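# Fold and geometry: a report
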Amino acid sequence: MPAKGEVLSHEFSHTVGRFFSAPTTGRRIIAGFSHLQRVGKGTSTNVWFPEKEATLDAGQIEWAAVREFDVLQEADNYYIYDMNVSDLKYSYQNIGQMRAGGYRISIVTLGRYTAHNDMDDLQILDIKLQEEITRMIHFLYLSELSEQACHKNAAALDANTWCLENNLEHIALTMATKRLYKPQKETLAERTFFDILARLPKHHIIHDNGVGLQLPESTKEKNQVYVAKGENQLWQFQQTITTVFENLDKNRATMTHMRGYGDHLKEGFSDWQRQSLAALAA
């Protein structure tokens, strides 16, 4: 793992520890599933098989590996100067724009072992993922959050409680939503893939996470620091709305600051996703 607070870029990505690592034991990848999600936007998924493997036989699968990487983006306060108490609808729309973003990349692979221990497809995939991520994005690696996520998944695997709904709830929610609202887009390959994953013994699964905070890019644009005055400041604007609600004997306003990038990494966010899964199943 990279050191805590390690700034990663493509120029020296080969000199730091790896995001994902597994012992080289001659793994061969048979099938894979990828899930790309942008916070606040839609998701894209893809399931793939090697050309020579036209069908997926559960008897061929001996292991599964999950690789997740969260690229976090801090909230933007560009709209903070438009906090106008005379136009609540427009102001609250701007508050919605001032929230953290980011991307979540998840790749699940299924495979079997071979006699050639010196050739490990999973190791090749791990190196390729790190090279591609560090080439495209300049970010600060957050080792503490990464280790917490890895330890949580490892504990679930050891306790034999690991499952798609509890440890990959964002993927489970995407698939359940597709099954309910767009069943024509759900493929047999996807159903077969996750059915095999669910039946695989938990001690044959590894699940690693990485988290990075995207750093600002150096550009030629000259952005001036803006300090809003009076009621145009977000906190003052919110306090004004709270005072109005109190006088009308209504509920107090609850939002007093911009949402941070860590919101979608909190346990409460996962709980919400699991509740949504239960609602979709009902």
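Position labels on residues start from 1 in each chain and follow its written sequence. In keeping with the predicted nature of the model, local features appear solely for residues at pLDDT of at least 70, side-chain atom pairs appear and are counted solely at 80 or more, and the whole-chain, interface and lining totals rest on all residues. To obtain the side-chain values, all non-hydrogen atoms of the structure were used and water was disregarded.

Classification of ring pairs uses Phe, Tyr and Trp, with its six-membered ring standing for Trp, and accepts pairs whose centres are within 6.5 Å; under 30 degrees between planes counts as stacked, over 60 as edge-to-face, and the remaining range as tilted. Enumeration over the complete set of coordinates arrives at four aromatic pairs. Taken together, a centroid distance of 5.4 Å and an interplanar angle of 65° make the contact between F69 and F139 edge-to-face. A residue pair is termed long-range when its members are at least 10 positions apart, and F69 in strand β4 (residues 63-73) and F139 in strand β6 (residues 139-141) qualify at 70 residues. Buried residues are those whose accessible area, probed at 1.4 Å on protein chains only, stays under 20% of the maximum for their type, while exposed residues exceed 50% and partly exposed ones sit between those limits. For F69, a relative accessible area of 1% translates into the label buried. Aromatic ring contacts, followed pair by pair, group F33, F193 and F194 into a single cluster. Sitting over the face of the ring of W63, R27 holds its NZ or CZ atom 5.8 Å from the ring centroid. Put simply, DSSP H or I for four residues or longer makes a helix, DSSP E for two residues or longer makes a strand, and each gets a number counted from the N terminus. Counting as a charge over the ring demands two things of the Lys NZ or Arg CZ atom: a distance within 6 Å of the ring centre and an angle within 35 degrees of the ring normal.

With that out of the way, let us pick up unusual backbone geometry. Despite not being glycine, N160 has its phi angle at roughly 60°, a positive value. Within the secondary structure, N160 is located in the loop between α3 (143-158) and α4 (164-167).

Here we take up the side chain of E169. Relative to the assigned elements, E169 resides in helix α5 (residues 169-181). A relative accessible area of 7% places E169 in the buried class. Any two residues whose heavy atoms approach within 4.5 Å at even a single point are treated as in contact. For E169, the residues in contact, after removing those within four places along its chain, are L164, S270, Q273, R274 and L277.

Chain-level pLDDT for the chain is 79 on average; 77% of the residues reach the 70-or-more range. Predicted confidence for residues 9-16 stays below pLDDT 50, and this span has 13 contacts to residues more than four positions away or in other chains. pLDDT gives the predictor's per-residue confidence on a scale running from 0 to 100.

Between side chains of opposite charge, a pair can form as their charged atoms come close. By definition here, a salt bridge exists when the distance from a side-chain nitrogen of Lys or Arg to a carboxyl oxygen of Asp or Glu is within 4 Å. All told, the structure shown has eleven salt bridges when counted by the stated rule. In this structure, R67 engages D208 in a salt bridge whose closest nitrogen and oxygen atoms are separated by 3.1 Å. A residue pair is termed long-range when its members are at least 10 positions apart, and R67 in strand β4 and D208 in strand β7 (residues 205-214) qualify at 141 residues. An identical accessibility class is assigned to R67 and D208; each is buried. Linking K128 and E132 is a salt bridge whose minimum nitrogen-to-oxygen distance equals 3.3 Å. Of this pair, K128 and E132 both sit in helix α2 (residues 121-136), separated by four residues, roughly a single helical turn. According to the relative accessible area criterion, K128 is partly exposed, its value standing at 45%.

So, about the pairing of strand β3 (residues 43-48). Only strands joined by at least two bridges in the DSSP assignment are considered to pair. As paired elements, strand β2 (residues 27-38) and β3 share six bridges and run antiparallel to each other. By the bridge assignment, H35 is partnered in β3 with T45. What sits between the antiparallel neighbours β2 and β3 is a turn of four residues, in which G40 has the positive phi angle 85°.

As a further point, take α2. With 16 residues, α2 should reach 22 Å at 1.5 Å per residue; the first-to-last C-alpha distance of 23 Å fits that figure. Looking only at α2, the buried set comprises L122, L125, D126, L129, Q130, I133 and T134. Projection of α2 onto a plane perpendicular to its axis shows the buried side chains occupying an angular sector of 150°, all on one side. One side-chain oxygen of the residue at the start of α2 lies 3.0 Å from the amide nitrogen of L122, identifying that residue as D120. To estimate the expected span of a helix, subtract one from its residue number and multiply by 1.5 Å. This arc is built from the directions going out from the helix axis to the C-beta atoms. The definition of a polar contact used here is a pair of N or O atoms within 3.5 Å, where within protein one atom must be able to donate a hydrogen and the other to accept one, and adjacent residues in sequence count solely through side-chain atom pairs.

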